[in-house]
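Structural overview
Each chain, written out:
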Amino acid sequence: MPAISQTAGTVIGLALGVLSAIALTVWGVHEWRRKGRCHLLILVAGSAIGFLTSPGLDLVANIKLPPPVAISPNVHRLFELDESLWVFPTYPLFLALPAYLTFVALDEQWPRRKLWISIAPIIASDFIGEVFLIRVAGLYRYAGQQPFLVLGASPMWETAMVTASMLMGALLYFLGRRLHGAAWLLTLPVIGSGFMGFLVVAGWPGMIAVHGEVSRPMVPVLGLASLACCAAILYMISLHLSGPEPRRAPTAKAHTAEPG
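Before going into details, it helps to say that this report is about the structure given with it. Note that the coordinates shown come from a computational prediction; the quantities given were computed from them, not determined experimentally. (Residues numbered from 1 in each chain as written. Predicted model: local features only at pLDDT ≥ 70, side-chain atom pairs only at ≥ 80, totals over all residues. Heavy atoms only, no water.)

**Points about unusual backbone geometry**
With a phi close to 60°, Asn-62 is a non-glycine residue in the positive phi region. In this fold, Asn-62 is placed in the loop between helix H3 (54–61) and strand S1 (63–64). Under the relative-accessibility criterion, Asn-62 is labelled buried at 12%. Even without a glycine there, the phi angle at Leu-151 is positive, about 55°. (Helix = DSSP H or I, 4+ residues; strand = E, 2+ residues; numbered from the N terminus. Buried < 20%, exposed > 50% of the residue type's maximum accessible area, 1.4 Å probe, protein only.)

**Some details on the packing of aromatic side chains**
Per the counting criterion, the structure on display carries seven aromatic pairs. A ring pair is formed by Phe-51 and Tyr-91, whose centres lie 6.3 Å apart and whose planes are at 90°; its orientation type is edge-to-face. A residue pair is termed long-range when its members are at least 10 positions apart, and Phe-51 in the loop between helix H2 (39–50) and H3 and Tyr-91 in helix H4 (residues 91–108) qualify at 40 residues. Using a relative accessible area of 6% as the deciding quantity, one classes Phe-51 as buried. Ring centres of Tyr-100 and Phe-103 lie 6.4 Å apart, and the angle between their planes is 15°; on these two criteria the pair is classed as stacked. Placement of the pair is Tyr-100 and Phe-103 together in helix H4, with a separation of three residues, close to one helical turn. The class for Tyr-100 is buried, based on a relative accessible area of 1%. Among the aromatic residues, those joined into a cluster by ring pairs are Trp-27, Tyr-100, Phe-103, Tyr-173 and Phe-174. Across from the ring centre of Trp-110, 4.4 Å away, lies the NZ or CZ of Lys-114, which sits over that ring. (Phe/Tyr/Trp six-rings, centres within 6.5 Å; stacked < 30°, edge-to-face > 60°. Lys NZ or Arg CZ within 6 Å of the ring centre and 35° of its normal.)

**With respect to the nonpolar core**
Soluble, globular proteins show a tendency: their nonpolar side chains are buried together. By size, the foremost hydrophobic cluster in this structure holds 65 residues, and its most contacted members are Leu-57, Tyr-140, Tyr-142, Trp-157, Met-161 and Leu-199. Elements represented by at least two residues in this core include exactly helix H1 (6–35), H2, H3, H4, helix H5 (112–136), helix H6 (155–175), helix H7 (188–211) and helix H8 (218–238). Not counting chain neighbours up to four residues away, the residues in contact with Trp-157 comprise Val-60, Ala-61, Tyr-142, Gln-146, Leu-199, Gly-203, Gly-206, Met-207 and Val-210. (Core = buried A, V, L, I, M, F, W, Y, C linked by side-chain atoms within 4.5 Å. Contact = heavy atoms within 4.5 Å.)

Here it is in structure tokens:
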């Protein structure tokens, strides 16, 4: 049972989502005006389009939402699944933020360690936020044979979602190398729809565990396989970053022959 009423939890979820979307938009405007990078704004706009495929995310991860409350009615239906209003403003945070950090890492050629230091807290905070949304607010739950549920939340799906978002950032970087000005708008349909597809790419073993008719001992094995897929994807992304700076070899002192 949730610790607070669903209405109170929904109000908190809406508030956090709206505030995070505003913060990312302000940051995006700052990046555009100061550095000429419109990419965060593209990702925030793509996140809004991505909401239209959000029931697909629920389908893949087998997420169940309770009946809506008055403050957050159902606003979209796909695959015979309804999506509530509170989900909409949360999309920029968990889709656009890791994607943009990945884009900037590739664009500025960060050291690999810097990207991991930036992404690891996002995965951790997403997991903590999910514990709140599930255990405290009661806004959704995971159904089926889910690997590695902790306090009702899923570290596997959180890792897969961040990995999918990072794939979106890498896609934006590689597709956009020859795009300039208004041509960046061409990426919006890809950004908007790609997240659900990349979630399947990153988490397909977990999807088999959740939806397939597999024996119970195979569920954690498939969960580990899903985490291994995420690790492989992140490793491939890291190959396009600069590695650790090579150590300089000690300079040998020049010896000159003294006149004898």
